[in-house]
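This is what each chain is made of:
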Amino acid sequence: MIRETAYTTVSNPNTQPKRTLVYSFSETVKTALTYCLLVLIALFVLIPIVWIVGSSFNPASSLLSATAFPEDPTIKHYLKLFTETKFPYWYLNTLKIALVNMVISVILTSTSAYVFSRFNFKGKKVGLLSILILQMFPSFMGMMAVYNILWQLGLLDTHFGLILTYAAGQIPYNTWLVKGYLSGIPRSLDEAAKIEGASNLYIFRTIILPLIKPIITFVALSQFMAPWMDFIFPRMILSSPEKMTLAIGLYDMISGNTNNNFTTFAAGAVLVAVPITILYVSLQKYLIQGITAGANKV
Amino acid sequence: MFMSVVSSAIKMGGVVLKKASGIKAGILSAFIWGSGQFLNRHYTKGIFFLIAQIVFVMCLPSIYEGIRGFVTLGEKATIIEGSKVIHGDNSIILMLLGIVWLFIGIVFLCIYIANIRDAAIYYRQRKEGKDVLEDKEWFNRFKERSFPYIMLIPSVVLILLFVAVPIIFGFLIAFTNYSAPDHLPPKNLVSWVGFKNFLDMFRLPMWNDTFWGVLTWTVIWAIISTLTSYFGGLGVACLVNSRRVKFKKFWRTIYILPWAIPGMISLLVFRNMFNGQFGPINTYLRKIGAITQNIPWLSDPLLAKIVIIVVNFWLGFPYFMAMSTGVMTNISPELLEAARIDGATPRQEFRYITLPLVLYATAPLLIMSFAGNFNNFNVIYFLTDGNPINPNYKFAGSTDILITWIYKLTRDNRQFHMASVMSILVFIVIATISTWNFLRTKAFKEEDMLQ
């Protein structure tokens, strides 16, 4: 078989040059193989998703009878979630914790990063170095101590205690991240404002914050996501059933008797996964940016 | 009222001293904080230091008690006499308070030293007839300079309370006997044991075997899971990026789903799919007649490990696909065009331009991902919970990695001392990797090939 593939480069001043393909038999085979592979990977990715979504509409409640395409779909498990379990509480709790944690984290991180990147003060180097070391420790090395500190402060079994734990824990890593981003922005803008007599807080609000929006979006997003699926800290801090978060509620639903609550769990899983997935997919640009920056700067 | 009396008394005393002899302001400040500053006519500053001293004196008993409690870890054990419980000391609370008070003590020590130094420096300057900053000027400068500190106060307090103190505490537990069943506050006291736990970890066969077994699997797991996801993600990114593929965005959106779906949910779903008794995979295989007996996906040690790696691949490849795609779309078109003009085939273009750039840009992610997988609690805990049970291990199952073993030691078995020893070892591994990565990327930060 003689390869007859030829390329012509179409130059266009506005778009990048594109190749047009002249198809031959071997090219067609290759294209077909490529698409086969794409479909196979898509199946590998989609089967568990389709199965869990289908399961949530199954009439029976056991794992054994859960199928991806039920013959007589029903939404009774969704109704059960709202009438027989504390699912609505868990959902609102998690949403509340996620939002408050996001706001506090963004405020703490952006101000500390601003200070560390734009001011010279005694103890700056020590401070930066200590948080660099602190973020290397596995987060639950201090678990027992956090538990006892919250107990002493009377914050056990409160959402505020959990939020404080999250907001404090993210400072070291995210401060480095945002500080790294800020060092890439020339100081001339804020220095000019300073000469004009603007106060530091004014500069921070009107000049710095808009400039660091992309990285702050990443911090906000990741801090909003964390409480949805974090298991260790809520399990340790919260004990009343109506104060639980989704992660604990869903886990408990199937950890004991796997076979009996399965479809209700599936319905809950779908209700949690859908909004988070949409959020993730639509904001993935910021996530990729933030993660890349994190790996390169921290 | 009291303050003004004190300050005027000190002022008078200072004047007397100054006239009488050349006693340094520093010595004065060493006894009464801020008095040297009064001598230098820095009244605002002087009052600050004086207030600091008053607070310090009020805190002194607590600091003493805190440090004492930290050293002894409690002396009175809880006694149960009949139905009456006489509460003794809680070693863990004493230790925590000890760390907190030690911190506060150090802060006061710093203020104290600053106070003496400041007094001595300005006193000498004044004596030598140099222009010394006036009180008001100093206060303005102080206001200006204190901005970063004021902004940092909330963060610093939170970090100290919820990150630093807990980590120090977690670190120190490795040197105590804090564990069930005999050293569990508030019922019993805990005491310092030095390096005994570290020696036990390597001396007692049960601990030692578990440690090496779990560590080996942790390292194997971290390497395989990182490499499979990385190269899988890279491969899929290249595939989608191929000139043959239409609707690139559509395919990418499908493939990104496992990354976007909350990991814990996917893991719990997989745990059910691979359920040996009722799971749909075995049910389906039986139905089509491929198997007659259920495959023990998660209860056979080797099979469970393979399932974990496959599931992790499902979870992990989209992340690397997204990252590689990001790099690929950012490669400057001029670069590719230049190669094309030089007669490069698409294959060469990929091999010598695209691939090196992607590898270069994603290498730090690879390293951080290795560190992340080393501590990947979720995958193990939600998929297998560390099971199947391994009779040769102490408090660990066959698929447990270090971090889930630590969790089990803490939560289920209350072996805090050994959990802490292990945490320190994990920290050493992670810190080494992170530090190396940090130095490497800082050194090679310059990269202008990418747009």
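The residue numbering used here restarts from 1 in each chain and proceeds along that chain's sequence as written. Chains and ligands are labelled by the order in which they are written, letters from A for the one and numbers from 1 for the other. Local features in this predicted model are restricted to residues of pLDDT 70 or higher, and side-chain atom pairs are both shown and tallied only at a pLDDT of 80 or more, whereas totals for entire chains, interfaces and linings draw on every residue. As a rule here, side-chain values cover all heavy atoms of the structure and leave hydrogens and water aside.

**Notes on the interface of chain B and chain A**
Step number 1: What makes two residues a contact is simply this: any of their non-hydrogen atoms within 4.5 Å. Counting residues at the interface gives 97 residues for chain B, matched by 93 residues for chain A.
Step number 2: Approximately 8700 Å² of surface area, both sides summed, lies buried where chain B meets chain A, with 79% of it carried by carbon and sulfur atoms.
Step number 3: Salt bridges are counted wherever a side-chain nitrogen of Lys or Arg sits within 4 Å of a carboxyl oxygen of Asp or Glu. Where chain B touches chain A, the interface holds two salt bridges.
Step number 4: For A:Glu27, the salt bridge goes to B:Arg243, with nearest N and O atoms at 3.9 Å.
Step number 5: Polar contact is the term for a pair of N or O atoms within 3.5 Å; when the atoms are in protein, one must be able to donate a hydrogen and the other to accept it, and sequence-neighboring residues count only if both atoms are side-chain atoms. Across the contact surface, chain B and chain A share eight residue pairs in polar contact (both at pLDDT 80 or more).
Step number 6: Here the side of chain B that touches chain A takes 19 residues from helix H7 (residues 147–173) of chain B, the largest share from any one element.
Step number 7: Of the residues contributing to the side of chain B that touches chain A, the split by class is 68 nonpolar, 18 polar and eleven charged. By convention, the term buried area covers the 1.4 Å-probe accessible surface removed from two parts as they join, with the contributions of both added. Here a strand is any run of E in DSSP of at least two residues, a helix any run of H or I of at least four, and the numbering for each starts at the N terminus. Note on residue classes: Ala, Val, Leu, Ile, Met, Phe, Trp, Tyr, Cys and Pro are nonpolar, Asp, Glu, Lys and Arg are charged, and everything else, Gly too, is polar.

**Overview of the domain arrangement of chain A**
Residues and elements named next belong to chain A.
Step number 1: Just so you know, the domain bounds were taken from an automatic or database domain assignment. Each domain of chain A was delimited in the assignment, giving domain 1 (7–56) and domain 2 (82–297).
Step number 2: Relative placement of domain 1 and domain 2: their C-alpha centres are 37 Å apart.
Step number 3: If you look at the interface, domain 1 gives five residues, while domain 2 gives six residues.
Step number 4: Summed over both partners, the interface of domain 1 with domain 2 comes to about 410 Å²; 86% of that surface belongs to carbon and sulfur atoms.
Step number 5: Ranking the residues of domain 1 by area buried against domain 2 places Ile52, Ser55 and Ser56 at the top, with a combined share of 80%.
Step number 6: The tally of links from domain 1 across to domain 2 stands at zero salt bridges.
Step number 7: For the pair domain 1 and domain 2, the interface holds zero residue pairs in polar contact (both at pLDDT 80 or more).
Step number 8: Of the residues belonging to the side of domain 1 that touches domain 2, the class tally is three nonpolar, two polar and no charged.

**A short note on the pattern of salt bridges**
Step number 1: The tally for this structure, following the rule as stated, stands at eleven salt bridges over all chains.
Step number 2: The shortest N-O distance in the salt bridge between A:Glu27 and B:Arg244 comes to 3.3 Å. Note that A:Glu27 is positioned in helix H1 (residues 25–56) and B:Arg244 in the loop between helix H9 (205–241) and helix H10 (248–260), a pairing that runs across two chains.
Step number 3: Judged by its relative accessible area of 13%, B:Arg244 falls in the buried class.
Step number 4: A cluster of three or more residues bridged by salt bridges with shared partners is formed by A:Glu27, B:Arg243 and B:Arg244. Residue burial is assigned from relative accessible area. The probe radius is 1.4 Å, only protein chains are included, and a residue is buried under 20% of its type maximum, exposed over 50%, and partly exposed in between.

**Points about the environment of B:Asp400**
All names here are of chain B.
Step number 1: Positionally, aspartate 400 belongs in the loop between helix H16 (377–383) and helix H17 (402–411).
Step number 2: Residue classification places aspartate 400 among the buried residues on the basis of a relative accessible area of 1%.
Step number 3: Once the C-alpha coordinates of aspartate 400 and methionine 323 are considered, the two residues, 77 residues apart in sequence, prove to be 29 Å apart.
Step number 4: Not counting chain neighbours up to four residues away, the residues in contact with aspartate 400 comprise Val214, Trp217, Ile380, Asp385, Gly386, Trp405 and Lys408.
Step number 5: Within the local environment of aspartate 400, its side chain forms a polar contact with the side chain of lysine 408, the two groups lying 2.7 Å apart.

**Some remarks on the domain arrangement of chain B**
How large an interface is tends to be reported as the accessible area lost when its parts come together.
Residues and elements named next belong to chain B.
Step number 1: Here the domain parsing of chain B yields domain 1 (2–194) and domain 2 (198–443).
Step number 2: Each of domain 1 and domain 2 was reduced to a C-alpha centroid, and the two centroids are 47 Å apart.
Step number 3: Counting residues at the interface gives eleven residues for domain 1 and nine residues for domain 2.
Step number 4: Buried surface at the junction of domain 1 and domain 2, both sides included, amounts to about 760 Å², of which 69% is carbon and sulfur.
Step number 5: Counting the surface domain 1 buries against domain 2, the share from its top three residues, Ala174, Tyr178 and Ala180, is 46%.
Step number 6: Where domain 1 touches domain 2, the interface holds zero salt bridges.
Step number 7: Put simply, domain 1 and domain 2 have six residue pairs in polar contact (both at pLDDT 80 or more) between them.

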